[in-house]
Amino acid sequence: MGNLGYQAVFRLLASRPGVVCERVFLAEDGAAPRTLESSRSPAEFDVLAFSLSFEADYPNIVRMLDACGIPARAEARRAGARSWPLLLAGGPATFLNPEPIAPFFDLFLIGEAEEMLTEALDRVFEGSAPRNELLLEGLSSVEGAYRPAAYTPVYGDDGDLCEVVVADGAPRSVLRRYVTDLDRNPVTTAVAARDAVFGEYYLVEASRGCEWGCRFCAAGYMYRPVRHRSKEGVTRDALAGLSVSSTIGLVGAEMASHPGIASTCERVTAAGGRVSPSSLKADMISPRLARALAAGGTRSVTIAPEAGSERMRRVINKNLNEAEILRATDLVVGDGVESLKLYFMCALPTETAADLEGIVELTTRIRARMMEPARTRGRIGRIKVSINPFVPKPWTPFQWDPMLAVGDAQRRIRFLRRTLARIPNVDMESESPREAYLQTLLSRGDRRVATLVEALARDTRGWWSVLQAARRDHALCGGADPDRFVHGEYALDTLFPWDFIDHRIQKSYLWLERRRALAERETEPCDVATCHTCGAC
Ligand code: SF4
């Protein structure tokens, strides 16, 4: 319920005449799922639609279908005499690469839903075929629809994908849809759910995409080009949201670059509320924004240097230097923010011991800058350092690169934990490299990985044991080697499982960005008014 995309789709469907839309979530105790609105079984509905933001949720699809008594594989549903709901999926994990879950679904809608779903429903209501055919034909006739049954992958002797056979009438590539004008499709909290993640916030979407082009970041590529809502629209929705909650969450990939952010924060603060932006690029935090955040009572701000050394920040195209990070620290701490959260990644391509030490050195310098205002105030805040192992994602310049071996990543995290523990007032949290392995596998895998997704959902041994078993016995992964997806280094001409999606970004551009990364050269942020370099604009 904390996902605004999910809420936008729910609002769109629930407000459409002729459509009944109800929500259903997987119960932790394994109880049979029932819809929240009318307590019906999902199996009674015409369509069962999944919103998928994170790959780690994939086993939950199978658990949900098992709990509903619905065959997980689309082929098995088609083969039986009984008719089942049409299974549909969307959400950011599916625009990156839907293949590891393709065997479960009849249809994916690739991209932003607002216009695509409206067009698809128009076609369903205009059609006159029998009900079950009408749904699949109508929904799959829009641009952005992907029907996995129309595509047959072929694997070579080396086990890699070598060809995809496309059925007559199906498009060779599927265009990822996006909406051009966010003000025509404003997205705000549709259902206030206090117990959900971000339940205490009223959420307002302020932008989609990001102009900065960080090379590890899938969101920065798959939502291109960047689009901002007008500051008038965001402010109006934020002020209206104060009747629901006194805290307004502004949602976007990078909020400090939004042209109206400071004025929106000031207006909300003046009206007695508080703004919490989802993420701020340190060098874009203006003195006015820092003051507005502190005046609204914000006590903790997140800064994401992502890498400790200047060299590594050039490799990942962070467009952010140490002086800018320290200046941002001075601004926010000087204006009253007490605590900081710092995001870093480790195990990035080309990372050396010096880059890891850079994380510790930068944290030490940031802490030193926090101390002076803290002493004056008589209160010393804390620095929480969050370390995430690098996951190579489709549709980024690092899609050709391997994830570091789990043991090596664990050693690097242990080094950081040991050295950061010596700095007072600093706490460290990290994501486990094993989880990063699973995430890489589920984001870079092909259809064969669906077998492993089923095992992860049903096998009681625990997910890491199941993965280890699949590394030894590839039959558990549909005949594919899981390590190839995770630790494989790919050639420029590799046919990736996700290549059939058209994100309008040329593969040659991503490769060029990868070469620039290895040469430690930065790329300027997007200028959507004049640039046509990557192909998205
Ligand atoms: S064409 Fe240029 S401005 Fe547009 S998304 Fe690509 S790099 Fe950014």
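What counts, and where the lines are drawn
Residues numbered from 1 in each chain as written. Predicted model: local features only at pLDDT ≥ 70, side-chain atom pairs only at ≥ 80, totals over all residues. Heavy atoms only, no water. Domains from an automatic or database assignment. Contact = heavy atoms within 4.5 Å. Buried area = accessible area lost by both parts, 1.4 Å probe. Salt bridge = Lys/Arg side-chain N within 4 Å of Asp/Glu carboxyl O. Phe/Tyr/Trp six-rings, centres within 6.5 Å; stacked < 30°, edge-to-face > 60°. Lys NZ or Arg CZ within 6 Å of the ring centre and 35° of its normal. Pairing = 2+ DSSP bridges. Helix = DSSP H or I, 4+ residues; strand = E, 2+ residues; numbered from the N terminus. Axes fitted to C-alpha atoms, helices over the stretch in contact; angles between N-to-C directions. Parallel < 35°, antiparallel > 145°, perpendicular 65-115°, else oblique. Left-handed = near helix turned anticlockwise from the far one by under 90°. Nonpolar A, V, L, I, M, F, W, Y, C, P; charged D, E, K, R; others polar.

1. Description of the domain arrangement of the protein chain
Interface size is often expressed as the accessible area that is lost when the parts come together.
Thinking step 1. Looking at the protein chain, the domain boundaries give domain 1 (4-175) and domain 2 (182-431 + 505-518).
Thinking step 2. A C-alpha centroid distance of 32 Å is found between domain 1 and domain 2.
Thinking step 3. The interface is formed by 14 residues belonging to domain 1 together with 18 residues belonging to domain 2.
Thinking step 4. Carbon and sulfur atoms make up 56% of the area that domain 1 and domain 2 hide from each other, which totals about 1500 Å².
Thinking step 5. Counting the contacts that link domain 1 with domain 2 gives 4 salt bridges.
Thinking step 6. Where Glu-112 meets Arg-227, a salt bridge forms, and the shortest distance between an N and an O atom there is 2.8 Å.

2. Notes on the packing of aromatic side chains
Thinking step 1. Tallying each qualifying case throughout the model produces 16 aromatic pairs.
Thinking step 2. Across the ring face of Trp-84, the terminal group of Arg-82 is positioned such that the distance to the ring centre comes to 4.1 Å.

3. A short note on the sheet that holds strand E3 (residues 107-109)
Within a sheet, neighbouring strands are paired by backbone hydrogen bonds and run either parallel or antiparallel to one another.
Thinking step 1. In space, the 4 strands of this open sheet follow the order E1-E2-E3-E4, with mixed pairing throughout. Every interior strand has two partners, whereas the edge strands, strand E1 (47-51) and strand E4 (145-146), have only one.
Thinking step 2. As judged from the 2 bridges shared by E3 and E4, these two strands associate in the antiparallel manner. Bridge pairing in E4 links Leu-109 to Ala-145.

4. Some points on the packing of helix H5 (residues 113-126) against helix H6 (residues 131-140)
Thinking step 1. Their axes nearest at 7 Å, the elements H5 and H6 cross at an angle of 140 degrees. When the axis of H5 is compared with that of H6, the two are oblique. Judged by the sense of rotation from one axis to the other, the crossing of H5 with H6 is right-handed. In this structure, H5 contributes Ala-120, Arg-123 and Val-124 to the contact, and H6 contributes Leu-134, Leu-135, Gly-138 and Leu-139.
Thinking step 2. Within the contact of H5 with H6, the residues separate by chemical class into 5 nonpolar, 1 polar and 1 charged.

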